Amino acid sequence: MKKSLSIFTILFCVASLVCAAGKKEETKTGSGVKFHIGIATETVSQAEDTLRGAEELIRRYGAVSSGGMIQHVTYPDDFMSQQETTISQIVAFADDPLMKAVIVNDAVPGTAEAFKRIKEKRPDILCFAGEPQEDPLVIQQAADLALSNDFMSRGYTIIWAAKQMGAKTFVHISFPRHMSYETLATRRNIMEQACKDLGLQFVFETAPDPTSDVGVAGAQQFILEKVPQWVAKYGKETAFFCTNDAHTEPLLKQLLAYGGMFVEADLPSPLMGYPGALGVDLTQEAGDFAAILKKVESAVTEKGGAGRFGTWAFSYGFTVSAGLGEYAKRIIEGTASKDSAVDLYKALGEFTPGAQWNGGYYVDQNTGVRAKNQILIFMDTYVMGKGYLPTTTVSVPEKYFKIKMSN
């Protein structure tokens, strides 16, 4: 499977120049808005970055409630047990006669069903899934577009980066619900094989699901209590990785206190876990990712974490929320095509000035068929106190793309 789409990297760089110039304008629409775009995200406690991306769309184009373009809702933290509520919230967008696009990020279980119901009522509405948590073939059948982090390439590149940072052991933290997802389970298997090939010890640890009875608070408390024990058991030259956003902040907090390493989050961002773990106030830097990264990096370095903690320079969750909204707007206005990856990447590039990305279309592991409406992307890893690791230029051996969920 050919994973590299080098033209996308160039497009991101070109688009970022447009972003730098365009940031000076705030294009809020007035009461004469001709269409609406709906976006559903998680709450701040589950995934702050995705919500902030929706807020950026509102900043640019205004909220429907004040005569603007964007209608934003958040679905329940316990979306697994309240799946029908989540589905109903998403489908409700279609009741607005001016609604022309619906975005869900993260596209949690139930999103595919919600999109099917929307299409039954309003086939004219674009349905975009950001970071879908349902099996690829399921979401592909329901969505006009699904955009995911490159779980296959990153299964290898995260381990490669951990080795470059000096890690000897890699600890993968998750729970049964996440391991039932094809994308996350496949990445976990790729990580284990990459550890064998690159000379790291692979360890799997289980933590509570934040959507279970213990809730977010209980899941985070578990991480706070277990990390010191894990560091003592596996050593400080151990890189830790968790599949859930809510686990990230307590994990970072304890790794900074007790040792250990962290390559990047499941959905990387300098906002993902770091501000809370470090006690850093980023109010003044809001929306300025260069300033955010600089402040977070300074705080990490002060705590002795230089060379041991990484991220992406820009928020993946923020970019997907804002970028899909921008892409939908351009399609509706006739300045972009629904089937153009080039146009998609230009829209994403509005929010990632100077970023180096790589990616490709999803290829089904059983049939070898390349999807036309699901794209996988990833960015270079930025190591605090050291700078970028060129992960987007790493050649991932072909065998890793053949590793399956069931292995």
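For clarity, every value in this text was computed on a predicted model and none was experimentally measured.

Attention now moves to the overall build of the protein chain. Helix and strand content of the protein chain: 14 helices and 13 strands. Against the globule reference of 22 Å for 407 residues, the protein chain gives a C-alpha radius of gyration of 20 Å, in line with a compact fold. C-alpha extents for the protein chain along the principal axes are approximately 60 × 50 × 45 Å. Per-residue burial for the protein chain yields a buried fraction of 62% across its 407 residues. Counting contacts in the protein chain only where the partners sit at least 6 residues apart, residues at least 24 apart contribute 74% of the total. When the accessible area of the protein chain is evaluated, it comes to approximately 15,200 Å², of which 52% is carbon and sulfur surface. For the protein chain, the distance from the average site of its 40 positive side-chain charges to the average site of its 46 negative ones is 5 Å.

Another aspect to go through is the packing of aromatic side chains. Applying the stated rule across the entire model yields 15 aromatic pairs. Ring geometry for Phe-289 against Phe-314: centres 5.9 Å apart, planes inclined by 50 degrees, an arrangement best described as tilted. Taken together, the residues span a long stretch of sequence, with Phe-289 in helix α12 (residues 289-302) and Phe-314 in the loop between β9 (310-311) and α13 (316-333) at a distance of 25 residues. For the ring pair Phe-318 and Phe-351, a centre distance of 6.5 Å and an interplane angle of 75 degrees mean the geometry is edge-to-face. Of this pair, Phe-318 sits in helix α13 while Phe-351 sits in the loop between α14 (341-349) and β10 (357-363), and the two are 33 residues apart along the sequence. We note that Phe-318, like Phe-351, is buried. Among the aromatic residues, ring-to-ring pairing joins Phe-289, Phe-314, Phe-318 and Phe-351 into one connected group.

Our focus in this paragraph is the packing of helix α6 (residues 151-164) against helix α8 (residues 182-198). The N-to-C vectors of α6 and α8 enclose an angle of 35 degrees; their axes lie 8 Å apart at closest approach. Here the hand of the crossing between α6 and α8 comes out right-handed. Together, Phe-151, Met-152, Arg-154, Gly-155, Tyr-156, Ile-158, Ile-159, Trp-160 and Lys-163 of α6 and Thr-183, Thr-186, Arg-187, Ile-190, Met-191, Ala-194, Cys-195 and Leu-198 of α8 make up the contact between the two elements. Residues belonging to the contact of α6 with α8 are distributed by class as follows: 11 nonpolar, 3 polar and 3 charged.

The next point concerns the state of the cysteines. Applying the stated rule across the entire model yields 0 disulfides. Note on Cys-242: no disulfide assigned, nearest cysteine sulfur contributed by Cys-195 at a separation of 16 Å. Overall, Cys-242 belongs to the buried group, its relative accessible area being 2%.

On to the pattern of salt bridges, then. The full count for this structure, using the stated rule, is 21 salt bridges. In this structure, the salt-bridge partner of Arg-60 is Glu-56, at a minimum N-O distance of 2.9 Å. One end of the pair, Arg-60, and the other, Glu-56, are both in helix α2 (residues 44-61), 4 residues apart, so they sit about a helical turn from each other. Glu-56 sits in the buried class, given a relative accessible area of 9%. As a salt-bridge pair, Lys-399 and Asp-197 come within 2.8 Å of each other at their nearest N and O atoms.

Turning our eyes to something else, we now look at the sheet that holds strand β2 (residues 70-74). Strand order across the open sheet formed by 7 strands is β2-β1-β3-β4-β5-β11-β10, with mixed pairing between neighbours. At either end of the open sheet lies a strand with only one pairing partner, and these are β2 and β10. Taken over all neighbouring pairs, the strand axes of this sheet differ in orientation by 20 degrees on average, direction set aside. Alignment of strand β1 (residues 36-41) against strand β3 (residues 99-105), held across 6 bridges, turns out to be parallel. Bridging from a neighbouring strand, Ile-37 pairs with Ala-101 of β3. Packed on one face of the sheet, helix α4 (residues 111-121) meets β3 and β4 (126-130) and runs near 175 degrees to β4. This element, α6, spans β5 (145-149), β10 and β11 (370-379) of the sheet and lies at about 25 degrees to β11.

The rules behind these values
- Throughout this document, residue positions are counted from 1 along each chain, in the order its sequence is written.
- The predicted nature of this model means local features are confined to residues of pLDDT at least 70 and side-chain atom pairs, given and counted, to a pLDDT of 80 or more, with totals for whole chains, interfaces and linings taken over all residues.
- Side-chain figures throughout are based on the complete set of non-hydrogen atoms in the structure, without hydrogens or water.
- A run of DSSP states H or I qualifies as a helix once it reaches four residues; a run of E qualifies as a strand once it reaches two. Both are numbered from the N-terminal end.
- The globule rule used for comparison is 2.2 Å times the number of residues to the exponent 0.38, while the radius of gyration itself is calculated over C-alpha atoms.
- For each residue, the accessible area found with a 1.4 Å probe, counting protein chains only, is set against the maximum for its type, and the residue is called buried under 20%, exposed over 50%, and partly exposed in between.
- Contacts are assigned to residue pairs that have any heavy atoms within 4.5 Å of one another.
- Only the protein chains shown count as cover for residues, with accessible areas throughout obtained via the Shrake-Rupley method and a probe of 1.4 Å.
- The convention is simple: Lys and Arg are positive, Asp and Glu are negative, and His and the chain ends are not counted.
- In plain terms, the charge of a residue is placed at NZ if it is Lys, CZ if Arg, CG if Asp and CD if Glu.
- Aromatic rings from Phe, Tyr and Trp, taking only the six-membered ring of Trp, are treated as a pair when their centres fall within 6.5 Å; an angle between ring planes under 30 degrees marks them as stacked, one over 60 as edge-to-face, and anything in between as tilted.
- Only the contacting stretch of a helix is used when fitting its axis, a line to C-alpha atoms as for every element, and angles between N-to-C directions run 0 to 180 degrees.
- With the far helix as reference, a near helix turned anticlockwise by less than a right angle produces a left-handed crossing, and one turned clockwise produces a right-handed crossing.
- Each residue is assigned to one of three groups, with Ala, Val, Leu, Ile, Met, Phe, Trp, Tyr, Cys and Pro labelled nonpolar, Asp, Glu, Lys and Arg labelled charged, and all others, Gly among them, labelled polar.
- Sulfur atoms of two cysteines make up a disulfide when they are within 2.5 Å.
- Any Lys or Arg side-chain nitrogen located within 4 Å of an Asp or Glu carboxyl oxygen qualifies as a salt bridge.
- We treat two strands as partners when DSSP finds at least two bridges between them.

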